[in-house]
Amino acid sequence: MTLEDVLEELDGGGEAQLLEPRTDFDSCIAGLGVRFHDGPLAVYDVDLVLQHFMDSGMSEEEAQEHFDVNVAGSWVGNGTPMFVRFIEG
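The present account deals with the structure reproduced in this document.

Looking now at the pattern of salt bridges. Applying the stated criterion to the full structure yields four salt bridges. Notably, a salt bridge pairs R22 with D11, separated by 3.4 Å at the nearest N-O pair. Taken together, the positions of R22 in helix 2 (residues 22-25) and D11 in the loop between helix 1 (3-10) and helix 2 put the pair eleven residues apart, joining distant regions of the chain. Of the residues examined, D11 reaches a relative accessible area of 47% and is grouped as partly exposed. For R22, the salt bridge goes to D26, with nearest N and O atoms at 3.0 Å. Owing to a relative accessible area of 25%, R22 belongs among the partly exposed residues under this scheme. Shared partners join several salt bridges into a network, and the residues in it are D11, R22 and D26.

All right, on to the nonpolar core then. One finds L10, F25, I29, Y44, V49, F53 and F67 to be the most contacted residues of the largest nonpolar core, which totals 18 residues. Among the secondary structure elements, those contributing two or more residues to this core are helix 1, strand 2 (38-45), helix 3 (46-55) and helix 4 (60-71). Sorting elements by how many residues they give to this core places helix 3 first, with four residues.

Glancing now at the packing of helix 3 against helix 4. The interhelical angle for the contact between helix 3 and helix 4, taken along N-to-C directions, is 120°, at an axis separation of 9 Å. If you check the angle between helix 3 and helix 4, you find them oblique. In terms of crossing hand, the pair formed by helix 3 and helix 4 is right-handed. Residues V46, V49, L50, F53 and M54 of helix 3 lie in contact with helix 4, whose contacting residues are E60, A63, Q64, H66, F67 and V71. Among the residues forming the contact of helix 3 with helix 4, the class breakdown is eight nonpolar, two polar and one charged.

Rules and cut-offs
- Residues numbered from 1 in each chain as written.
- Predicted model: local features only at pLDDT ≥ 70, side-chain atom pairs only at ≥ 80, totals over all residues.
- Heavy atoms only, no water.
- Salt bridge = Lys/Arg side-chain N within 4 Å of Asp/Glu carboxyl O.
- Helix = DSSP H or I, 4+ residues; strand = E, 2+ residues; numbered from the N terminus.
- Buried < 20%, exposed > 50% of the residue type's maximum accessible area, 1.4 Å probe, protein only.
- Core = buried A, V, L, I, M, F, W, Y, C linked by side-chain atoms within 4.5 Å.
- Axes fitted to C-alpha atoms, helices over the stretch in contact; angles between N-to-C directions.
- Parallel < 35°, antiparallel > 145°, perpendicular 65-115°, else oblique.
- Left-handed = near helix turned anticlockwise from the far one by under 90°.
- Contact = heavy atoms within 4.5 Å.
- Nonpolar A, V, L, I, M, F, W, Y, C, P; charged D, E, K, R; others polar.

Geometric descriptors of this kind do not, in isolation, establish any biological role.
Written as structure tokens, this is what we have:
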């Protein structure tokens, strides 16, 4: 599945919420997810989101705090995105 396939499914009229601005964060999408009766949901790669914040001028600590409080700590309804960290190796 390509990023374009994922975006097409997420844009298909469901409740999936996407991080804004999309021009910055669509490239951080890792795939599709489901939660109980919700889905498809956007699944973001935490490390890519944090890297975006650091590229925008935040320190690593600031980026992590911003992510924890304002991104992962937000609930925007049934379409709230999911966040994943991948196992290295």
